There are 2 protein chains.
Amino acid sequence: MRAFPAALERLTEQFARLPGIGSKTAQRLAFHVLSLPQDEAEAFAAAILDAKRTVHTCGVCQNLTDREICGICDDPQRDHGLICVVAEPRDVVAMERSREYQGVYHVLHGVISPLNHVGPDDLKLKELLQRVGEGNVREVIMATNPDTEGEATAMYVSRLLKPLEVKVTRLAYGIPVGSQLEYADEVTLLRALEGRREI
Amino acid sequence: MRAFPAALERLTEQFARLPGIGSKTAQRLAFHVLSLPQDEAEAFAAAILDAKRTVHTCGVCQNLTDREICGICDDPQRDHGLICVVAEPRDVVAMERSREYQGVYHVLHGVISPLNHVGPDDLKLKELLQRVGEGNVREVIMATNPDTEGEATAMYVSRLLKPLEVKVTRLAYGIPVGSQLEYADEVTLLRALEGRREI
């Protein structure tokens, strides 16, 4: 006989598909959702659909936004001649926490990773080349993670940008090598910004 | 400025409310949901609502079911004079895995736990007393976890049942003391069933 009602099994399967959630944890989460008041369960389901419906990428920097152009790209106070290239939207949050950076961003949505079958065509590189190609960009700061894939991606992008005669810099190794950008503290990120070098 | 679009923040908050999910994990899960195809995100939201709508407790044994009376209580082949009392629905699944038990169940939905403010009134005890009081029950097997709270609950329930002149037994200590019933293997559960003793 079936262990649990079908709808409960289906909910458990949905949780088990999430990254890092095993089958026992998925079962615990499904039971938890069942124990929620009706309005809280509805709020959870609505949050999933709302996020999918309203969140998309900024037409300029490719960061996540619920507007056509994100708040940073739309801000005339920011320095639009300075682009900081990051791998993921959460890295923008980490950079903004330093409260020092006044330029804009470009989110690649990944790094080149042959092992994970992610090649240059899977990243938002075409959009970056177009932005730089328009000629108003003075400097591009490569702020991918200081690990193997992040370094390789930084090198690849810098080579792509060289013909466009833009200054390309890399965050200084204030960031501990091998770590993740999103866990860096504000001071470390500040040092890394100040010590950036041309590549 | 706000780090992420509001809908993304709300989804992250929803994940962060789940037991055992911290804020970093919640953020990773929210990003994952955003990266899902539209139909998969919709399936996830629908699974939450479906489970809430269709899953409720069996009118007899209080186990989770999508019918009025669950498949076990509704099965004339089962021994309805023998009730196995467990703390949680997942414990029914563990017992059924032994493929030996032919009686029915009663799910308490918790154990007495003063530290967590769970008292006897928070468990499905009234329903158990009513079932036993109807007079067709020969034996009640207490199969709460063999830990402090499970033992205390078993003792409490056995005292409640004594006036009703029903045989009350406890699973034998084939189950390793201090462990969780849901992780017990089939053979251990079988031994525990065979060696049950009166309390």
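This one's a predicted model, so the numbers in the text were calculated from it and none came from an experiment. (Residues numbered from 1 in each chain as written. Chains lettered and ligands numbered in written order. Predicted model: local features only at pLDDT ≥ 70, side-chain atom pairs only at ≥ 80, totals over all residues. Heavy atoms only, no water.)

Colleague: Looking at this structure, how should I read the packing of helix α3 (residues 38–54) of chain A against helix α1 (residues 6–16) of chain B?
Modeller: Running from N to C, α3 of chain A and α1 of chain B point in directions that differ by 145°, and their axes come no closer than 8 Å. Of the two possible hands of crossing, α3 of chain A and α1 of chain B adopt the one that is left-handed. In contact with Glu40, Ala43, Phe44, Ala47, Ile48, Asp50, Ala51 and Thr54 of chain A of α3 of chain A, α1 of chain B contributes Ala7, Arg10, Leu11, Gln14 and Phe15 of chain B. Across the contact of α3 of chain A with α1 of chain B, the residue classes break down as 8 nonpolar, 2 polar and 3 charged. (Axes fitted to C-alpha atoms, helices over the stretch in contact; angles between N-to-C directions. Helix = DSSP H or I, 4+ residues; strand = E, 2+ residues; numbered from the N terminus. Left-handed = near helix turned anticlockwise from the far one by under 90°. Contact = heavy atoms within 4.5 Å. Nonpolar A, V, L, I, M, F, W, Y, C, P; charged D, E, K, R; others polar.)

Colleague: So what exactly am I meant to see when it comes to the UniProt feature "zinc finger region: C4-type" (unreviewed entry) in chain A here?
Modeller: Under the UniProt annotation, "zinc finger region: C4-type" (unreviewed entry) lies at residues 58–73 of chain A. Taken end to end, residues 58–73 of chain A comprises 0% helix and 12% strand; its first and last C-alpha atoms sit 8 Å apart. (UniProt positions renumbered as here; feature names shortened; annotations may be inferred.)

Colleague: Help me understand the confidence of the model for chain A in this model?
Modeller: Interpreting fine coordinate detail is not advised for predicted regions of low pLDDT. Residues and elements named next belong to chain A. For chain A, per-residue confidence averages 89 on the pLDDT scale, and residues scoring 70 or more make up 95% of the total. Looking over chain A, one finds the lowest element-wise mean pLDDT in strand β7 (residues 197–198), namely 68, and the highest in strand β4 (residues 103–107), namely 95. Model confidence for the complex: the whole-complex pTM is 0.73, and ipTM, which rates the interface, is 0.74. (pLDDT = per-residue confidence, 0-100.)

Colleague: Honestly, helix α3 (residues 38–54) of chain B in this entry has me stumped. Any pointers?
Modeller: It helps to recall that an α-helix has 3.6 residues per turn; residues three or four apart then point in one direction. Its 17 residues place the ends of α3 of chain B 24 Å apart at the C-alpha level, agreeing with the 24 Å of an ideal helix rising 1.5 Å per residue. Along α3 of chain B, the residues that are buried comprise Ala41, Phe44, Ala45, Ala47, Ile48, Ala51 and Lys52 of chain B. Taken end-on, α3 of chain B shows its buried residues confined to a sector of 140°, consistent with a single buried face. The exposed set on the far side of α3 of chain B, more than 90 degrees from its buried face, consists of Asp39 and Arg53 of chain B. In this structure, the buried residues of α3 of chain B make contact with α1 (6–16), α2 (23–35) and α3 of chain A together with α1 and α2 (23–35) of chain B. (Expected span 1.5 Å × (residues − 1). Buried < 20%, exposed > 50% of the residue type's maximum accessible area, 1.4 Å probe, protein only. Arc of directions from axis to C-beta.)

Colleague: Could you clarify how one ought to interpret the packing of aromatic side chains in this entry?
Modeller: On inspection of all chains with the given rule, the structure shows 9 aromatic pairs over all chains. Centre to centre, the rings of phenylalanine 15 of chain A and phenylalanine 44 of chain B are 5.4 Å apart; their planes meet at 85°, and the pair counts as edge-to-face. In this pair, phenylalanine 15 of chain A is assigned in helix α1 and phenylalanine 44 of chain B in helix α3, connecting two distinct chains. On the basis of relative accessible area, phenylalanine 15 of chain A is assigned to the buried category, the value being 0%. (Phe/Tyr/Trp six-rings, centres within 6.5 Å; stacked < 30°, edge-to-face > 60°.)

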